[in-house]
Structures are given as C-alpha cells and as structure tokens.
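The primary structure of each chain is shown beneath.
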Amino acid sequence: MHSATGLLVCFEGGEGSGKSTQSRLLRSWLEEQGHTVVLTFEPGDTPVGRRLREILLGPETGELSPRAEALIYAADRAEHVDRLVRPALERGEVVVMDRYVDSSLAYQGAGRELDVADVERVSRWATGDLRPHLTVVLDLEPEQGLGRFEGRDRMEGESLAFHRRVREAFLRMAEADPDHYLVLDARTSVDETAAAVRARVAPLLGQVAS
Ligand code: TYD
C-alpha cells in the first residue's frame, strides 16, 4: 500500500551511483519549499539497525548464509519503518530514503540468487507492505561505480557478475512499473540529475502538508 498521507521517495541503484548526494539535494530543495523532510537510509539508520549494519557489511562477519543475510536486512527494515518512516508519513511529512525493499530484491534476490518472490514476501511483511510513491533508480555500469578493491565492504567485494545482476534487476523493476519509477543515467551531471528528480517529485507534493 501507499501511504495516504505524506510522501515516500526512495533512491536505489548500484554502488557509487550518487544516491546519497541526490537524496541530500532533494531534501534541501524540499525544505526550501517549506516541507518537513526526514532523510533516512538502509541499512543502519536506527540504534538496533546500526548493530545489524555491522553484521551485514563488516568484513569480519565472513560467510553469512544468504537467507540469514536477507532476514537481517529485513529486520533492519522493519525497525526503520516502524520507528522512523511510518510515523513521519503519518505526520504528513516527506520521507526520502537511500535504499529500501528493491535493494533486497536486487542484491539478495538477483545478486545472491535467492527466489525473488521469497525475498519480496519477507520484505513486504517487514514493512507492512508500505510502498514508495516514487523510486528513483540511478543507473550505472558496475565497472564505473565500484571503488578500489581495498576498502570494499562485504557487498562491494562481490563479483562483477553479481553487481551486473543487481543492476539488471533494478532496471527490470523500473520497466515493469513506470508510474512509480524514474530511471536516470548516473553519469549525468549532479545538477542535471537533481533537476530531473525535482521535476518528477514536484507534482507529487500536492498530497503533502507544507
Ligand atoms: P552502503 O554503504 O549504505 O552503500 P551505498 O552507498 O551503496 O548505498 O551499503 C549498503 C550496502 O548494502 C550496499 O552494498 C547494498 C547492500 N544492501 C543489500 O544488499 N540489501 C538491502 O536490502 C540493502 C538495503 C542494502
């Protein structure tokens, strides 16, 4: 379901695609328009989430069963939605999120090759099926987004083939539901990308109290 109050906008995409930059720029613009904005990210934007994030991304975790990984991302998400996202939407605010359910479908489903329908069921349960009004996919070839090999976290250290499956999954989800997705080429300049995001978000602000 989509919240009847507030507005939920998510940024998705591969590593190094500029989601954090764009989510911050969107927040600044929305605040200039007089909106109250909650900017959040997954995994790890709650006290319990921070501990889960260490397990999920810390190289010291080592091997983790793909199902356990999917469940921990879902646990982080449940906590995040209950504590931060739903309350803000109920207050009629704008929530801008850096990653959400689609990241699990792409990374744990397509990337780890778990059954996507299973991963989706778990995430839908974790969130009470709360869906974004808009998801912005910042699309980038994995070769361009992955940083130096040293310093990569557990997910970044996965193979190029893994990251290619992740990218394709985001694009397929967007293609299947154009009313709720905007795909932008992440190589476009920061300013142009931000303008394209604003153009798509502006008409959605009607339902938001300012
Ligand atoms: P983060 O440092 O927040 O990366 P980014 O800047 O790329 O968003 O790390 C999040 C990592 O966790 C990233 O590699 C994607 C991965 N991830 C999943 O595998 N499944 C998920 O459900 C989420 C939310 C993230």
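Refer to the structure printed above.
Throughout what follows, the structure given in this document is the object of discussion.

Each value, and the rule that gives it
- Residues numbered from 1 in each chain as written.
- Predicted model: local features only at pLDDT ≥ 70, side-chain atom pairs only at ≥ 80, totals over all residues.
- Heavy atoms only, no water.
- Buried < 20%, exposed > 50% of the residue type's maximum accessible area, 1.4 Å probe, protein only.
- Helix = DSSP H or I, 4+ residues; strand = E, 2+ residues; numbered from the N terminus.
- Arc of directions from axis to C-beta.
- Contact = heavy atoms within 4.5 Å.
- Pairing = 2+ DSSP bridges.
- Phe/Tyr/Trp six-rings, centres within 6.5 Å; stacked < 30°, edge-to-face > 60°.
- 1 Å grid on protein atoms, 1.4 Å probe; cavity = no way out; pocket = protein on both sides within 12 Å on 5 of 7 lines; lining within 4 Å.
- Points joined across faces, edges and corners; volume = space filled by probe spheres on them.
- Nonpolar A, V, L, I, M, F, W, Y, C, P; charged D, E, K, R; others polar.

## Description of helix α2 (residues 47-57)
Then, number 1: Every buried residue of α2 is listed here: G49, L52, L56 and L57. Angularly, the buried residues of α2 cover 115° about the axis, an arc narrow enough to put them on a single face. Structural note: α2 exposes P47, R51 and E54 on the side pointing more than 90 degrees away from its buried face.
Then, number 2: Of the surrounding secondary structure, the elements contacted by the buried residues of α2 are α3 (66-90).

## Describing the pairing of strand β1 (residues 7-13)
Then, number 1: Within β1, seven of the seven residues are buried, which leaves the element mostly enclosed by the surrounding structure.
Then, number 2: Burial along β1 is two-sided: the residues L7, V9, F11 and G13 and L8, C10 and E12 are all buried.
Then, number 3: Relative to strand β3 (residues 94-98), β1 runs parallel, the two sharing five bridges. Looking across to β3, one finds that L7 is bridged to V94.

## Thoughts on the packing of aromatic side chains
Then, number 1: Enumeration according to the criterion identifies two aromatic pairs in this entry.
Then, number 2: Aromatic pair Y107 and F162: ring centres 6.2 Å apart, planes at 55°, arrangement tilted. Of the two residues, Y107 sits in helix α4 (residues 101-111) while F162 sits in helix α7 (residues 160-176), which places them 55 residues apart along the sequence. With respect to class, Y107 is no different from F162; both count as buried.
Then, number 3: Relative to F170, the ring of Y107 lies with its centre 6.4 Å away and its plane at 70°, an arrangement referred to as edge-to-face. Taken together, the residues Y107 in helix α4 and F170 in helix α7 connect sequence positions 63 residues apart.
Then, number 4: Residue classification places Y107 among the buried residues on the basis of a relative accessible area of 4%.
Then, number 5: Following the ring pairs from residue to residue traces out a cluster consisting of Y107, F162 and F170.

## Some words on empty space enclosed by the protein
Then, number 1: Applying the stated rule across the entire model yields three cavities of 30 Å³ or more.
Then, number 2: The space that makes up the largest cavity amounts to roughly 80 Å³.
Then, number 3: Every residue lining the largest cavity is listed: G14, E15, Y107, L140, E141, P142, G145, L146, H163, V166 and R167.
Then, number 4: When residues of the lining of the largest cavity are traced back to their parent elements, those giving at least two are α6 (142-145) and α7.
Then, number 5: For the lining of the largest cavity, the leading source of residues is α7, giving three residues.
Then, number 6: A breakdown of the residues in the lining of the largest cavity according to their chemical character gives five nonpolar, three polar and three charged.
Then, number 7: Its volume calculated, the second largest cavity comes out at about 40 Å³.
Then, number 8: In this structure, the second largest cavity is lined by G13, G14, V137, L138, D139, L140, R167, F170 and L171.
Then, number 9: Of all elements in the fold, only β4 (134-139) and α7 reach the threshold of two or more residues within the lining of the second largest cavity.
Then, number 10: Its residues assigned to classes, the lining of the second largest cavity comprises five nonpolar, two polar and two charged.

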